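Fold and contact review
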Amino acid sequence: MNTSELTALLVLCTAVSFTPGPNTTLSTALAANLGLRRALHFVLAVPVGWGLLLSLCASGVGALVVGVPALRWGVKLLGVGYLLWLAWQLWHAHTLAQASHRQLNVTFWQGVLLQFLNIKAWMLALTVVAGWLAGRTDMGARFAVVLPLLLGFALASNLTYALMGTGLRNWLADAQHGGRRLLWFNRSMALVLLVTAFWMATL
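Quick caveat, the model's predicted, so the values are computed rather than measured.

Our next topic: the pattern of salt bridges. What the rule picks out here adds up to three salt bridges. Glu-5 serves as the salt-bridge partner of Arg-142, at 3.1 Å between the closest nitrogen and oxygen. Residue Arg-142 is located in helix H9 (residues 139-172), and its partner Glu-5 is located in helix H1 (residues 3-18); the two are separated by 137 residues in the primary sequence. Overall, Arg-142 belongs to the buried group, its relative accessible area being 7%. On the basis of relative accessibility, which here comes to 15%, the residue Glu-5 falls in the buried class.

Below, the structure written as structure tokens:
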């Protein structure tokens, strides 16, 4: 992989990984409501799930999903449905205890599976495979470079958003304001998920 190809890949990864999406929104919301330790389950699940997704796309499964309308719509509908459910949970959580009671925390394996319902993740994986891997005689060597690089971006972006959520935790939980700060923060995160779900549904 030459310098220009690597630079283009780094720019793509930065733009996609650090812009708001289902993963970064959840990382922020989970850390703000449940603390960094609980959010790390999801933060670590993202690169694991995304690595599996990229591997499947590189093996040709991604082209199959895109080429079969029923599979493509199945992934889309499940992804939209899950985001709507999470948005509903966030919308109604206005105290830290309530957020935990409502099982807002996403388990590690749920985080892994969410990557297979994330249209943004599918688009990035398919773009990387088409632009940097498919049809190359050195595909194996390229994959050995691309995979850890993208996993690093997935981890760094979600950890960054989780740290921001952790930094807001005490301010959001201010009892003097009766939970209003956390309520409006959660509703803002819920709206981001709703917008993302709408965007996914229109693709």
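Still to come is the rest of the account.
Within the secondary structure, Ser-17 is located in helix H1. With 141 residues separating them in the primary sequence, Ser-17 and Asn-158 have C-alpha atoms 8.2 Å apart. A distance of 2.8 Å separates a polar side-chain atom of Ser-17 from the backbone oxygen of Cys-13.

Turning next to helix H3 (residues 36-58). Relative to the 33 Å expected for 23 residues at 1.5 Å per residue, H3 spans 33 Å between its end C-alpha atoms, a close match to the ideal helical length. Taken from the residues just after H3, Gly-60 is the one with a positive phi, measuring 110°.

A word on H1. Taking 1.5 Å per residue as the helical rise, H1 with its 16 residues ought to reach 22 Å, and the 22 Å between its terminal C-alpha atoms agrees with that figure. For H1, the complete set of buried residues consists of Glu-5, Leu-9, Cys-13 and Ser-17. Seen end-on, H1 carries its buried residues on one side only, within an arc spanning 80°. Exposed residues on H1 whose side chains face more than 90 degrees from its buried face are Thr-3, Ser-4 and Val-11. Where H1 is buried, its residues contact helix H2 (22-34), helix H8 (119-133) and H9.

Overall, the predicted model of the protein reaches an average pLDDT of 81, with 84% of residues at or above 70. The secondary structure element of the protein with the lowest average pLDDT is helix H6 (residues 96-101), at 49, and the one with the highest is H3, at 93.

Moving on: the packing of H1 against H9. Direction vectors running N to C along H1 and H9 enclose 30°, while the axes themselves pass 10 Å from each other. One finds that H1 runs roughly parallel with respect to H9. The element H1 and its partner H9 pack so that their crossing is right-handed. Of H9, the residues touching H1 (which contributes Glu-5, Leu-6, Leu-9, Leu-10, Cys-13, Thr-14, Ser-17 and Phe-18) are Arg-142, Val-146, Leu-149, Leu-150, Phe-153, Ala-156, Ser-157, Thr-160 and Tyr-161. Here the residues of the contact of H1 with H9 are counted per class, giving eleven nonpolar, four polar and two charged.

Criteria and cut-off values
Residues numbered from 1 in each chain as written. Predicted model: local features only at pLDDT ≥ 70, side-chain atom pairs only at ≥ 80, totals over all residues. Heavy atoms only, no water. Salt bridge = Lys/Arg side-chain N within 4 Å of Asp/Glu carboxyl O. Helix = DSSP H or I, 4+ residues; strand = E, 2+ residues; numbered from the N terminus. Buried < 20%, exposed > 50% of the residue type's maximum accessible area, 1.4 Å probe, protein only. Polar contact = N/O pair within 3.5 Å; in protein donor to acceptor, adjacent residues only side chain to side chain. Expected span 1.5 Å × (residues − 1). Arc of directions from axis to C-beta. Contact = heavy atoms within 4.5 Å. pLDDT = per-residue confidence, 0-100. Axes fitted to C-alpha atoms, helices over the stretch in contact; angles between N-to-C directions. Parallel < 35°, antiparallel > 145°, perpendicular 65-115°, else oblique. Left-handed = near helix turned anticlockwise from the far one by under 90°. Nonpolar A, V, L, I, M, F, W, Y, C, P; charged D, E, K, R; others polar.

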